[in-house]
Amino acid sequence: MSSLLVVMVWNESENGTIGRMKSLLVANWKMNPPTFKEAKKLFEATKKAADTVKSVSIVVAPPAIYVRELRASYRGKRIAFGVQNAHFEAKGSYTGEISMAEAKDAGAAYVIIGHAERRAMGETNDDTRKKVASAIAHSIFPVLCVGEKERGHEGEHFDLIKEQLKTGFADVLIAKIPRVMIAYEPVWAIGAETAMNPRDMHEMAIFIRKTIVGLYGEKGMVVKILYGGSIDERNASDMLTHGDIAGLLVGRASADPEKLTALVRAIKNV
Ligand code: PEP
């Protein structure tokens, strides 16, 4: 599975991030593709899509090993780069890990934190707290993923989301909230056949905002909320229009040049 995060577009600023709102796609390629040759081809398609549809900007989060070279090859302003995970410690004996500083040095301006697949490998809410804090300390924009595995009849999933948010934001100062994006990804919708209903996303977006406002007061309203889970060219526009969200985290579509192109076109006028 690969992931593509679509959010309302920001213009690129001098530090390689994407600035003010237009439409944004952040592509999380996960552990794909298997060769750098293929990664370059996928990146070419991504670049072309971004160049063709001016209302959309893209954050590409390839396997970390590809970031530096792809970043170095890119001269444009419409694509930024991210990593799919990074350790919270600044350096040390953490075999197989990369630090926020290393990610930044390679050219990443964004880091995905707490993706369902990382949580399934044992990442805890407390790990996400430390990672979000470390990302902010290194001037990398965290994309904090939250989402329930299943929905109970009593709305138990809201409690779980609240806990993920409260812990994830625990070390974030009020002045830094605008730097954190929240990707709501119900685990049951990831890699599924259909996305969540946009009206349900709308309800969840209100809940997420209310939770952040509960933590920070009105300033919490600035937080950007994304949706992820089985988004493609058929449902992206509807989700962006009715989901009360700033963007989308998209998986499989990011690893397929044709699907990616169709998706970007589909949200051209949203
Ligand atoms: C994901 O893995 O985060 C995801 C959204 O995947 P997909 O779009 O394939 O459901």
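Please read all numbers here as calculations on a predicted model, not as lab measurements.

What counts and how
Residues numbered from 1 in each chain as written. Predicted model: local features only at pLDDT ≥ 70, side-chain atom pairs only at ≥ 80, totals over all residues. Heavy atoms only, no water. Helix = DSSP H or I, 4+ residues; strand = E, 2+ residues; numbered from the N terminus. Contact = heavy atoms within 4.5 Å. Salt bridge = Lys/Arg side-chain N within 4 Å of Asp/Glu carboxyl O. Buried < 20%, exposed > 50% of the residue type's maximum accessible area, 1.4 Å probe, protein only. Near = heavy atom within 4 Å. Polar contact = N/O pair within 3.5 Å; in protein donor to acceptor, adjacent residues only side chain to side chain. Nonpolar A, V, L, I, M, F, W, Y, C, P; charged D, E, K, R; others polar. Core = buried A, V, L, I, M, F, W, Y, C linked by side-chain atoms within 4.5 Å. 1 Å grid on protein atoms, 1.4 Å probe; cavity = no way out; pocket = protein on both sides within 12 Å on 5 of 7 lines; lining within 4 Å. Points joined across faces, edges and corners; volume = space filled by probe spheres on them. pLDDT = per-residue confidence, 0-100.

> Got a minute to help me understand the side chain of T46 in this structure?
Along the chain, T46 falls in helix α1 (residues 36–52). Excluding residues within four positions of it along the chain, T46 makes contact with W29, I58, V60, I79 and L260.

> What should I look at first to understand the pattern of salt bridges in this one?
Two side chains with opposite charge may pair up if their charged atoms get near one another. With the rule as written, the count across this model stands at 10 salt bridges. Salt-bridge contacts for E123 lead to R118; the nearest nitrogen and oxygen are separated by 3.9 Å. The partner of E123 in a salt bridge is K131, and the shortest N-O contact between them spans 2.8 Å. For the pair E123 and K131, one class covers both residues: buried. Counted as one network, the salt bridges with shared partners bring together R118, E123 and K131.

> Sorry, what's going on with the site of the ligand here?
Near the ligand, the surroundings consist of 16 residues, among which K30, E185, G191, G251 and R252 are the closest. Within the side chain of R252, one N or O atom sits 2.7 Å away from an oxygen atom of the ligand. Partitioned by chemical class, the residues of the shell around the ligand number five nonpolar, seven polar and four charged.

> Would you take a moment to explain unusual backbone geometry for this structure?
Peptide bonds are mostly trans, and most non-glycine residues show a negative phi. Geometrically, the link from N32 to P33 is a cis peptide bond, its omega value of -10° lying close to zero. Here the phi dihedral of D244 falls at roughly 60°; this positive angle occurs in a residue that is not glycine. Inspection of the secondary structure puts D244 in the loop between α8 (236–242) and β9 (247–250).

> I tried to follow the nonpolar core on my own but got confused; where do I start?
Across soluble globular proteins, you tend to see nonpolar side chains buried next to one another. F169, Y184, M201, I208, I212, Y227 and L248 are the most contacted members of the largest nonpolar core, which has 66 residues in total. Among the elements that make up this core, the one with the highest residue count is helix α7 (residues 198–216) (seven residues). The contacts of M201, once residues within four sequence positions are left out, are Y184, M196, I225, Y227, M239, G243 and I245.

> Please clarify how empty space enclosed by the protein should be interpreted in this entry.
Over the atoms, a rolled probe matching the size of one water molecule traces out where space is still vacant. Applying the stated rule across the entire model yields two cavities of 30 Å³ or more. In this structure, the second largest cavity occupies an estimated 40 Å³ of space. Lining the second largest cavity are G114, H115, A116, R119, C145, V146, G147, E185 and V187. For the lining of the second largest cavity, the secondary-structure elements that each account for two or more residues are α4 (116–120) and β6 (141–146). Each residue belonging to the lining of the second largest cavity can be placed in one class, and the counts come to four nonpolar, three polar and two charged.

> Would you mind showing me how to read the confidence of the model for the protein here?
Chain-level statistics for the protein give a pLDDT mean of 90 and a share of 91% at 70 or above. Confidence over residues 1–15 falls short of pLDDT 50; this stretch has 107 contacts with residues more than four positions distant or in other chains.

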